[in-house]
Amino acid sequence: MKKIKIKQLIEKIEGEAELDFTFNDGLIEDVKINFGFYRGIEEILRGKDARDALVITPRVCGICNHAHLITAVRAIENGYENAGHKIELTSKASDIREFTLACELIQNHIKWLYMTLLPQIESYLDCKSEENYAIKATYLSSTITKALAIFAGQWPHSSYAVPGGVTCDPTHLDVMQAQSLVDESITFFEQVVTALPLDEYLNINLCADLHKVGGDFGKLLHLIGSSGMTEIGKSHDRFIVFGEGMLSKPGKSIVTNISNVNSKYVSESAQVGTVAKSVTYKERLYEVGPLARGMVAKTPIVKNLHKRYKDSLLTRVFARIHEVATLLEHARTLLNNLKLDELSCTLEPQHTLKDFEGTGIVEAARGSLIHKTIVKDGLIVNYEIITPTQWNLSHGNKEELGVAVQAMKGSKSIEEATFIFRTFDVCSVCTTQ
Amino acid sequence: MKKKSNKPKLLWLQSITCNGNTHSFLNHPDLFSILAHFEIVHHPILESKYAMQDVISGVVPCDLLILEGSFTETGFLKGGVEVSSLVELYAKKAKNIISAGTCATFGGIFKQKDPENISGFCFDLEEKTNYYTKYASKLISLPGCPMHPKWMSYVLLMIANQKPIDIDHLHRPVELYGYTVHTGCTRNEYFEWKIDTKNYGLKEGCLFYEQGCQGPYTRGSCNKILWNDISSKTRVGTPCFGCTEPAFPQSSLFVTKTNMGIPAKMPLGIPRRAYLGLTGVAKSFKIKRFSTRLLEYDK
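Residues numbered from 1 in each chain as written. Chains lettered and ligands numbered in written order. Predicted model: local features only at pLDDT ≥ 70, side-chain atom pairs only at ≥ 80, totals over all residues. Heavy atoms only, no water.

Next up on the list: the overall build of chain B. The secondary structure content of chain B amounts to 12 helices and 13 strands. Principal-axis analysis of the C-alpha atoms places the extent of chain B at approximately 75 × 40 × 30 Å. The burial tally for chain B puts 59% of its 299 residues in the buried class. Sequence separation of 24 or more characterises 69% of the internal contacts of chain B that already satisfy a separation of 6 or more. Approximately 12700 Å² of chain B is accessible, and the part contributed by carbon and sulfur atoms is 54%. Of the side-chain charges in chain B, 36 are positive and 26 negative, and the distance between the mean point of each set is 3 Å. (Helix = DSSP H or I, 4+ residues; strand = E, 2+ residues; numbered from the N terminus. Buried < 20%, exposed > 50% of the residue type's maximum accessible area, 1.4 Å probe, protein only. Contact = heavy atoms within 4.5 Å. Areas by Shrake-Rupley, 256 points an atom, 1.4 Å probe, with all protein chains shown as cover. Lys, Arg positive; Asp, Glu negative; His and termini not counted. Charge placed at Lys NZ, Arg CZ, Asp CG, Glu CD.)

Another aspect to go through is the interface of chain B and chain A. In this assembly, 64 residues from chain B lie in contact with 64 residues from chain A. In this assembly, chain B packs against chain A so that about 5100 Å² is buried in total across both faces, 60% of it on carbon and sulfur atoms. When the area that chain B buries against chain A is broken down by residue, the three leading residues are His23, Lys113 and Phe254 of chain B, summing to 12%. Where chain B touches chain A, the interface holds 4 salt bridges. Of the charged contacts, one joins glutamate 47 of chain B and lysine 128 of chain A as a salt bridge, the two residues approaching to 3.3 Å between their closest N and O atoms. Across the chain B-chain A interface, the total number found is 27 residue pairs in polar contact (both at pLDDT 80 or more). Mapped by element, the contributors of at least two residues to the side of chain B that touches chain A are helix H1 (20-26), helix H2 (31-35), helix H3 (52-57) and helix H6 (108-111) of chain B. The class makeup of the residues in the side of chain B that touches chain A is 29 nonpolar, 26 polar and 9 charged. (Buried area = accessible area lost by both parts, 1.4 Å probe. Salt bridge = Lys/Arg side-chain N within 4 Å of Asp/Glu carboxyl O. Polar contact = N/O pair within 3.5 Å; in protein donor to acceptor, adjacent residues only side chain to side chain. Nonpolar A, V, L, I, M, F, W, Y, C, P; charged D, E, K, R; others polar.)

Attention now moves to the nonpolar core. In terms of nonpolar packing, the biggest core is built from 214 residues, with Phe99 and Phe151 of chain A together with Leu65, Phe121, Met152 and Leu156 of chain B touching the most fellow members. For this core, the leading source of residues is helix H4 (residues 91-124) of chain A, giving 16 residues. Ranked by size, the runner-up nonpolar core spans 12 residues in total, among them Val261, Val266, Tyr286 and Ile361 of chain A. (Core = buried A, V, L, I, M, F, W, Y, C linked by side-chain atoms within 4.5 Å.)

Next up on the list: the pattern of salt bridges. All names here are of chain B. Scanning the model with the defined rule gives 35 salt bridges over all chains in all. Glutamate 39 is paired through a salt bridge with lysine 9; the nearest N and O atoms lie 3.6 Å apart. A residue pair is termed long-range when its members are at least 10 positions apart, and glutamate 39 in strand S2 (residues 39-42) and lysine 9 in strand S1 (residues 9-14) qualify at 30 residues. Side by side, glutamate 39 and lysine 9 carry an identical accessibility label, which is buried.

As a further point, take the sheet that holds strand S7 (residues 251-254) of chain A. Residue and element names in this part refer to chain A. Ordered in space as S6-S7-S8, the 3 strands form an open sheet in which the pairing is antiparallel. Of all strands in the sheet, those bounded by a partner on one side alone are strand S6 (238-241) and strand S8 (257-259). Sheet twist, expressed as the average angle between the axes of neighbouring strands with direction ignored, equals 15°. By the bridge criterion, 4 bridges tie S6 to S7 in an arrangement that is antiparallel. Its bridge partner lying in S7, isoleucine 240 is registered against lysine 252. (Pairing = 2+ DSSP bridges. Axes fitted to C-alpha atoms, helices over the stretch in contact; angles between N-to-C directions.)

Each regular strand shows side chains that alternate between the opposite faces of the sheet. Residue and element names in this part refer to chain B. Of all 5 residues in strand S7 (residues 96-100), 4 are buried, a share of seventy percent or more. By the bridge criterion, 4 bridges tie S7 to strand S11 (residues 139-142) in an arrangement that is parallel. Each bridged residue has a counterpart across the sheet, and for isoleucine 98 the counterpart in S11 is isoleucine 140.

Residues and elements named next belong to chain A. One open sheet holds the 3 strands; their spatial order is S1-S2-S3, and the pairing between them is antiparallel. Each end of this open sheet is capped by a strand with a single partner; those strands are strand S1 (3-10) and strand S3 (27-34). The average angle at which neighbouring strand axes cross in this sheet is 20°, direction not considered. Judged from the 8 bridges that link them, S1 and strand S2 (residues 17-24) form a sheet pairing that is antiparallel. Within S2, the residue paired with isoleucine 6 across the bridge is phenylalanine 21. Sitting on the sheet, helix H14 (residues 414-422) is in contact with S1, S2 and S3, with an inclination near 130° to S2.

Attention shifts here to unusual backbone geometry. Cis peptide bonds are those with omega within 30 degrees of zero, and the linkage from tryptophan 155 of chain A to proline 156 of chain A qualifies with 5°. As for its placement among the helices and strands, proline 156 of chain A is situated in the loop between helix H5 (133-152) and strand S4 (161-162). In this model, cysteine 145 of chain B is joined to proline 146 of chain B through a cis peptide bond whose omega is 0°. Although it is not a glycine, glutamate 14 of chain A adopts a positive phi angle of roughly 55°. Its identity is not glycine, yet glutamate 283 of chain A carries a phi of approximately 65°, on the positive side. The topology assignment puts glutamate 283 of chain A in the loop between strand S10 (278-281) and helix H9 (290-296). Under the relative-accessibility criterion, glutamate 283 of chain A is labelled exposed at 64%.

Note that all results are geometric; they support no functional claim without further evidence.
Encoded structure:
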């Protein structure tokens, strides 16, 4: 038995990470994932006004900043409720928040498809095309973030969600503009991403019908399928979702059994050799993200793929891109039903609570994002941020390897393992905050 | 054999950052025609000629260095190498340096974690750092959290066309930062007549008096060159948080600091006496249009 250790710098993952691979007899036995720098957002927040978190926390991450905003505002609203002052949002305010969040997820997933997965799989399989995938990515991502900015003012780094609702006061003119941008995004999805009308795509429930998917998504599925990658990248097959939202209800899935969860059983712990903390639920490791949402929500096509390929690279990749379709459809419905005559914000600015403790949870692009705030005398005394990538990229515990590490275990090359690693849509900055 | 490119070689290097400026720039509608003026030797997301490992090895050519993120002398490493040494290495090679965003320019949010040791590259808040003397002649500052994609493209195209860029004492292009965020705000009438907004979520009223808006004294063209070509914070009722300013972020961002009921900080360049005089006159009139909802007035 021959053990070899190899260090590899992985880039273009919203920053970088260093992976230390241990090979045993030619197969990967363990991987240490090291993220370099702790930026200390939680410490920066201490002593600041409770609402400053709405401005500071989006700066955790350039690609999922909006999810941090919505989580931060939910943490404050939950704190008000815990202190006996429940805030009722109008359906308009909650629908607008859900819409802008959907836009950010679409932006993220599309950049991942075109700027990470397709270029990486082509270079891994040595079949590099001359295509400018980035121009496709940025066309759709900038179109959909325009729709977001109609309500939120800008992307990245908006702070338009405030306790009690949203700061915008849209008119029909704004909604029409947003609808038109969503329609443009749907057209792109239909003509370029899948080469299928959206409703036909969404009607696919069986693996056997996946051959209908064309376009760039079809090309990606074909590359995965024809290169024997459908079976690799399997992990613990255990999933968890905490956020209540358009994609899934909260719950956990173990061997396809779905049960309830409570965020109070989530615990963080420091890890040796990296500034990223690991997270467990009742001391067990779970995968979060689109695949987890698909499993918990029992999305037919995700379940069907899982039945055949388990939690392999194929199922994981599919679940993420599939969310784009679901989100586009949902975004269109939200705009069509927006009740413009309702209030945007129900909380009067003078009704500010000084003492509360609250938890905010959102399903962000990469999975459940949790913020916990403790406020005394109007100031933050403690702020805790648990990001999705902390779940997926931890080293694991005494009993088990971390989720992504387990997925890479048994792989025969660094190239294959790093491709598996990237299917988790790694975000370095979120992991280290 | 591949023809050797004579385009300026662009290296985008990240220090302590959230990648917000990178993603902001990717929103530019003319991204690829702008980038066509350059050869991208390295970029944090876009496919580029050299890998991060090459950047770390110091072998990458560089004419234009774009810095993103706050700067620290020690403790921030990539591949075992201090990023500060990489910044210096490429700053020396480069003919132009752009500090993209408030972090790279002044220190920004991440400075607050360790104010003694974290700063911008050439400025620490408004103070010049040791690097200023060495590199100021090449430096263009583009503060903003994040910077606007079109501010970046203005600088890139000026460089590509070899045109000189007029800058102020903090090296910000005056064509971009000679304005305040207040310029072009759709709430300007309410500012003129000193009408406060009654709550969030209303298109009527100004956010300067109660809600903490820093637009009247924050430099930037957010309401002239709109965000995502669509809107801005103040247009959707969110106060300006002064994210282009050296001291960003200040505290209690949703509250206007006042002295005897008057905003403590005056609009840029306006003497307090002039402001008070005008306020007195404006407030002495009751104007029906401003006490009615905007779209109800003509009905």
